[in-house]
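Spelled out, the chains give:
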Amino acid sequence: MTQTAPRPATTARASGAPIDATNAYVSGRLPRWAAPGLTAASLGGAITVMALLAAAGAIAEFSLVLAIAIGTISAIVLVTAISLMAEGRRAATNRFMIALVISAFVLALLPLVSVLSTVVLNGSARFDLEFFTWSMRSVIGEGGGALHAIVGTLQITAWATLISVPIGLFAAIYLVEYGRGPLARAITFFVDVMTGIPSIVAGLFAYALFVLIFGEGVRMGFAGSVALSVLMIPVVVRSSEEMLKLVPDELREASYALGVPKWLTIAKVVLPTAAAGIITGITLAIARVIGETAPLLIVAGFTSSMNYNVFSERMQSLPVFVYTQYANPGTDVDFYLERAWTGALTLIIIVMALNLIARLITRLFQPRVGR
């Protein structure tokens, strides 16, 4: 018995004639490389045309941003038109919306890439051992470092975390496990309001509070911690509250059925289950406030010397260090700007590290589901 080779799949045209469905060019769909290829061709053509016009003097100067914008719009129009002719209206609409989403993503990503590249290029000049082992005491011009600012930032943020985490976590436990009625609604309302207050208001609040206790002109690192805690507490409350709400009620009911009191159920069942999300929220709250400048400039002040005591005298922080190096340069401006850019790069690295730690905690300690 002889075997015949399988025939390629066919479909029918509108006129009734069969077509080869395995051929992307005639089966009513574009090949996979069509959209990327047309996009690359449009961008290359737009950049080439803009460069030729600039060389011929038809336009004032070559603008890469304008060329990319024109190329992107041309690519969207071209891909949509060809898809409309080859694939139909539904597929063309789908390709048009995908192109818009990708364009919006790239547009949102451009400022981030621009900021990161600028900070890395300008901050790498002083990213050396001296910058992390020296302070600015008795340094005028070249040299010096930001050790005093890094230590101050870590201490101020650590104390702010010690203040914020217990208050925020207990407030979240109350709202989820106990809160009912007007008091719970009032706490939720004020937490939402505090989430959006400007950082300068937190600094003024801390300054007014410490002026009442210590008198005019008070400056200390702990006052900066109090100011940062005002900004951290609502973030900790909201993130912890959402994580506690995700704990299944069946776990609580099973614990109650065994005769375990509510406070012990919260401590032994609810909190361990939500621990990964709570720790992640706390880490992100730290990353949110570690770069604040205005409140620390008001209440912690700035100094060129090391200060390990947050309860006495002025204390420098990394954001304030960047501000003072940029805003008050000496005669050798370049050295001050180099230190400012390197301080900004260091701050970005710290924030990125905190975000990576938060993601790692979420991945390692999240509750396992399934068998």
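Residues numbered from 1 in each chain as written. Predicted model: local features only at pLDDT ≥ 70, side-chain atom pairs only at ≥ 80, totals over all residues. Heavy atoms only, no water.

A.B. asks: Break down the overall build of the protein chain for me, with residues and values.
C.D. replies: What the protein chain contains, in helices and strands, is 13 helices and two strands. Its C-alpha radius of gyration of 30 Å places the protein chain more than 25% over the 21 Å reference for a compact globule of 371 residues. Viewed in the frame of its principal axes, the protein chain has a C-alpha envelope of about 95 × 75 × 45 Å. Taken across its 371 residues, the protein chain has 35% of its residues classed as buried. Contacts in the protein chain between residues at least 24 apart in sequence constitute 67% of all its contacts with a sequence separation of at least 6. Carbon and sulfur atoms make up 68% of the accessible area of the protein chain, which totals about 21,900 Å². Each charge class in the protein chain was averaged separately, 24 positive and 19 negative side chains, and the resulting centres sit 13 Å apart. (Helix = DSSP H or I, 4+ residues; strand = E, 2+ residues; numbered from the N terminus. Rg over C-alpha atoms; globule rule 2.2 N^0.38 Å. Buried < 20%, exposed > 50% of the residue type's maximum accessible area, 1.4 Å probe, protein only. Contact = heavy atoms within 4.5 Å. Areas by Shrake-Rupley, 256 points an atom, 1.4 Å probe, with all protein chains shown as cover. Lys, Arg positive; Asp, Glu negative; His and termini not counted. Charge placed at Lys NZ, Arg CZ, Asp CG, Glu CD.)

A.B. asks: Which residues make up the domain arrangement of the protein chain, and what are the values?
C.D. replies: By the assigned domains, the protein chain splits into domain 1 (8-120) and domain 2 (132-364). The straight-line distance from the C-alpha centre of domain 1 to that of domain 2 is 45 Å. Taken together, the contact between domain 1 and domain 2 spans four residues of the former and four residues of the latter. Roughly 380 Å² of surface becomes buried between domain 1 and domain 2 when both sides are summed, with 90% attributable to carbon and sulfur atoms. Inspection of the domain 1/domain 2 interface yields zero residue pairs in polar contact (both at pLDDT 80 or more). Within the side of domain 1 that touches domain 2, the residues separate by chemical class into three nonpolar, one polar and no charged. (Domains from an automatic or database assignment. Buried area = accessible area lost by both parts, 1.4 Å probe. Polar contact = N/O pair within 3.5 Å; in protein donor to acceptor, adjacent residues only side chain to side chain. Nonpolar A, V, L, I, M, F, W, Y, C, P; charged D, E, K, R; others polar.)

A.B. asks: Lay out a negative patch on the surface with the relevant residues and their values.
C.D. replies: Judged by side-chain charge, Glu130, Glu142, Asp332 and Asp334 come together as a negatively charged surface patch. Residue position: aspartate 332 is located in the loop between helix H12 (318-327) and helix H13 (333-365). (Patch = residues over 30% accessible without salt bridge, like charges linked within 9 Å, V, L, I, M, F, W, Y side chains within 5 Å. Salt bridge = Lys/Arg side-chain N within 4 Å of Asp/Glu carboxyl O.)

A.B. asks: Describe the pattern of salt bridges, naming the residues involved and giving the relevant values.
C.D. replies: Once the charged atoms of two side chains with opposite charge are near each other, the side chains can pair. Counted under the stated rule, the structure contains eight salt bridges. A salt bridge links arginine 252 to glutamate 177; the nearest nitrogen and oxygen atoms lie 2.9 Å apart. Of this pair, arginine 252 sits in helix H9 (residues 249-257) while glutamate 177 is found in helix H5 (residues 147-178), placing the two residues 75 residues apart along the sequence. The two residues arginine 252 and glutamate 177 agree in class, both being buried.

A.B. asks: Summarise the packing of helix H1 (residues 34-56) against helix H2 (residues 64-86); cite the residues concerned and give the values.
C.D. replies: Packed helices, taken two at a time, are described by their axes: the angle between them and the distance between them. Orientation of H1 relative to H2, taken along the N-to-C sense of each, is 140 degrees, at an axis distance of 8 Å. Between H1 and H2, the interaxial angle falls into the category oblique. Both H1 and H2 take part in a crossing whose hand is right-handed. Counted together, Ala35, Leu38, Thr39, Ser42, Leu43, Ala46, Ile47 and Met50 of H1 and Leu64, Leu66, Ala67, Ile68, Ile70, Gly71, Thr72, Ser74, Ala75, Leu78, Val79 and Ile82 of H2 form the full contact between these two elements. (Axes fitted to C-alpha atoms, helices over the stretch in contact; angles between N-to-C directions. Parallel < 35°, antiparallel > 145°, perpendicular 65-115°, else oblique. Left-handed = near helix turned anticlockwise from the far one by under 90°.)

A.B. asks: Tell me about the nonpolar core, residues and numbers included.
C.D. replies: If you look at the biggest cluster of nonpolar residues, it comprises 31 residues, and the most contacted ones within it are Ile156, Leu228, Met232, Leu244, Ile278, Ile282 and Leu296. If you list the elements that add at least two residues to this core, you get H5, helix H8 (221-245) and helix H10 (262-289). It is H10 that contributes the most residues to this core, nine residues altogether. If we ignore the near neighbours within four places in the chain, the residues touching methionine 232 are Ala160, Thr161, Ser164, Ala285, Ile286 and Val289. Counting twelve residues, the second-largest nonpolar core is a separate cluster that includes Ala206, Val218, Met220 and Val299. (Core = buried A, V, L, I, M, F, W, Y, C linked by side-chain atoms within 4.5 Å.)

A.B. asks: Lay out the environment of threonine 188 in plain terms, naming residues and giving numbers.
C.D. replies: Position of threonine 188 among the secondary structure elements: in helix H6 (residues 182-195). For the pair threonine 188 and leucine 175, spaced 13 residues apart in sequence, the C-alpha to C-alpha distance is 7.9 Å. Contacts of threonine 188, omitting those with residues within four sequence positions, involve Leu175 and Arg238.

A.B. asks: Provide a residue-level description of the packing of helix H7 (residues 199-214) against H8, including the pertinent values.
C.D. replies: Orientation of H7 relative to H8, taken along the N-to-C sense of each, is 135 degrees, at an axis distance of 8 Å. With respect to their mutual orientation, H7 and H8 come out oblique. Relative to H8, the crossing made by H7 is right-handed. Along the contact surface, H7 presents Ser199, Ala202, Gly203, Phe205, Ala206, Leu209 and Phe210, while H8 presents Phe222, Ala223, Val226, Ala227, Val230 and Leu231. Classifying every residue of the contact of H7 with H8 gives eleven nonpolar, two polar and no charged.

A.B. asks: Any details on the confidence of the model for the protein chain? Residues and values, ideally.
C.D. replies: Overall, the predicted model of the protein chain reaches an average pLDDT of 85, with 91% of residues at or above 70. Per-element averaging of pLDDT across the protein chain places strand E2 (residues 18-20) at the bottom with 46 and H5 at the top with 94. Long-range and interchain partners of residues 8-26, a stretch whose pLDDT sits below 50, account for 27 contacts in this model, where long-range means more than four residues apart. (pLDDT = per-residue confidence, 0-100.)

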